[in-house]
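What follows is each chain in one-letter form.
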Amino acid sequence: GLLFAGDGKRFIRRGAADEKHTVIVWEVSTKTRLAELVHENEVSALALSRDDQWLAVGGDKGELILWDFAAEKQKWSTAPGQLHSASYTGLTFNAGSDLIATCNHDNTVSVVETTNGEVRMPPLPIADVKAPSLDARGDWLVVDASPAALVNVQTGTIDARFPQFARLPKFG
């Protein structure tokens with residue numbers, strides 16, 4: 001995991017080799033470490049909210065941790081296996097930063113609330129899941145899988161599937 005903060009002055013990286021339990025915040029201009037957020041288990045995925053307020057960290061045992069990024073304080077976490085049972089393949093926030101979509105190597109997707117970690121949409125099985133994306137309000141979740149899936153977050157059901165190589169009409 002590697003990503004820039006919205007200000008472009010910092011980037012966040014999962015530690016390498018002997019630091020896989022650590023999320024490191026770097027300052028671009030000085031190339032120095034600003035902070036280290038240490039986790040009990042290995043870090044497998046990262047997502048930063050658009051407003052840079054929240055940093056979601058997925059662990060390799062299925063735990064999800066939400067950090068107040070500016071304050072460098074943990075807000076809440078789920079226990080390993082509580083939400084997912086394997087490492088994360090993707091995390092993302094909706095535009096309002098009040099929801100986090102997760103997908104995992106246990107081939108499930110879920111949606112949780114940033115305020116308290118409560119599950120908005122329980123884990124839904126989807127084979128070969130890779131990455132989630134939430135619409136602005138958090139009503140819809142599209143998941144990169146084989147085939148891709150459009151999920152209604154309110155009902156927790158797959159509304160449509162989209163094959164990777166759908167035939168498009170020819171023009172001209």
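See the structure above.
Side note on the nonpolar core
Ranked by internal contacts, the top residues of the largest apolar core, which has 16 residues, are Val109, Val111, Met121, Ile126, Leu141, Val143 and Val151. Breaking this core down by element, the ones donating at least two residues are strand 10 (99-104), strand 11 (108-113), strand 12 (119-125), strand 14 (140-144) and strand 15 (148-152). With three residues, strand 10 is the single largest residue contributor to this core. Those residues in contact with Leu141 that lie beyond four places of it in its chain are Ala101, Val109, Val111, Met121, Pro132, Ser133, Leu134, Ala149, Leu150, Val151 and Val153. Ala35, Leu37, Leu48 and Phe69 belong to the second largest nonpolar core, which has 15 residues in total.

What about the pattern of salt bridges?
Enumeration according to the criterion identifies eight salt bridges in this entry. A salt bridge links Arg33 to Glu19; the nearest nitrogen and oxygen atoms lie 3.0 Å apart. Note that Arg33 is positioned in strand 4 (residues 32-38) and Glu19 in the loop between strand 2 (10-14) and strand 3 (22-27), a separation of 14 residues in sequence. Note on Arg33: relative accessible area 34%, which makes it partly exposed. Residue classification places Glu19 among the partly exposed residues on the basis of a relative accessible area of 23%. Of the charged contacts, one joins Arg137 and Asp139 as a salt bridge, the two residues approaching to 2.6 Å between their closest N and O atoms. A residue is classified by how much of its surface remains accessible, and Arg137, at 64% relative accessible area, is exposed.

Focus on the pairing of strand 5 (residues 43-48)
Counting buried positions along strand 5 yields five of six residues, so the element is predominantly enclosed. Where strand 5 lies against strand 6 (residues 54-59), five bridges are found, and the strand directions are antiparallel. Across the sheet, Leu48 pairs through a bridge with Leu55, a residue of strand 6. Between strand 5 and strand 6, which pair antiparallel one after the other, the connecting turn spans five residues, and Asp52 there sits at a positive phi close to 65 degrees.

A closer look at the side chain of His39
The residue His39 is located in the loop between strand 4 and strand 5 in this model. A polar contact of 3.3 Å, which involves the side chain of His39, links it to the side chain of Trp67. Ignoring sequence-local partners within four residues, the contact set of His39 consists of His21, Val23, Val57, Ile65 and Trp67.

Considerations on unusual backbone geometry
With omega at -5 degrees, the peptide bond leading from Ser146 into Pro147 counts as cis. By the element assignment, Pro147 lies in the loop between strand 14 and strand 15. One non-glycine residue, Ser97, lies in positive phi territory at about 60 degrees. Note on placement: Ser97 falls in the loop between strand 9 (88-93) and strand 10.

Some words on the packing of aromatic side chains
To describe a pair of aromatic rings, one takes the distance between the centres and the angle between the planes. Within this structure, the stated rule accounts for two aromatic pairs. Measuring from centroid to centroid gives 6.3 Å for Phe11 and Trp26, while their planes differ by 10 degrees, and the two rings are stacked. Taken together, the residues span a long stretch of sequence, with Phe11 in strand 2 and Trp26 in strand 3 at a distance of 15 residues.

Calculation notes
- The written sequence of each chain sets the order in which its residues are numbered from 1.
- With pLDDT at 70 or above as the cut-off, local features in this predicted model cover only qualifying residues; side-chain atom pairs require 80 or more to be listed or tallied, and sums for whole chains, interfaces and linings still use all residues.
- Side-chain measures were taken over the full set of non-hydrogen atoms in the model, leaving aside hydrogen atoms and water.
- Nonpolar cores were defined as sets of buried Ala, Val, Leu, Ile, Met, Phe, Trp, Tyr and Cys residues, with membership established by side-chain atoms within 4.5 Å.
- Buried, partly exposed and exposed residues are distinguished by accessible area as a fraction of the type maximum, computed with a 1.4 Å probe on protein chains only: under 20%, between the cut-offs, and over 50%, respectively.
- Secondary structure elements follow DSSP: runs of H or I no shorter than four residues count as helices, runs of E no shorter than two count as strands, and numbering proceeds from the N terminus.
- In what follows, a contact means two residues having at least one pair of non-hydrogen atoms within 4.5 Å.
- Just to be clear on terms, a salt bridge is a Lys or Arg side-chain nitrogen sitting within 4 Å of an Asp or Glu carboxyl oxygen.
- Two strands make a pair as long as DSSP finds a minimum of two bridges between them.
- Distance and chemistry together define a polar contact, namely a pair of N or O atoms within 3.5 Å, with one atom able to donate a hydrogen and the other to accept it when in protein, and with adjacent residues in sequence counting only for side-chain atoms on both sides.
- Note on aromatic pairs: the rings of Phe, Tyr and Trp (six-membered ring only in Trp) are paired at centre separations within 6.5 Å, and the planes decide the class, stacked below 30 degrees, edge-to-face beyond 60, tilted for the rest.

Structural measurements only, silent on function.
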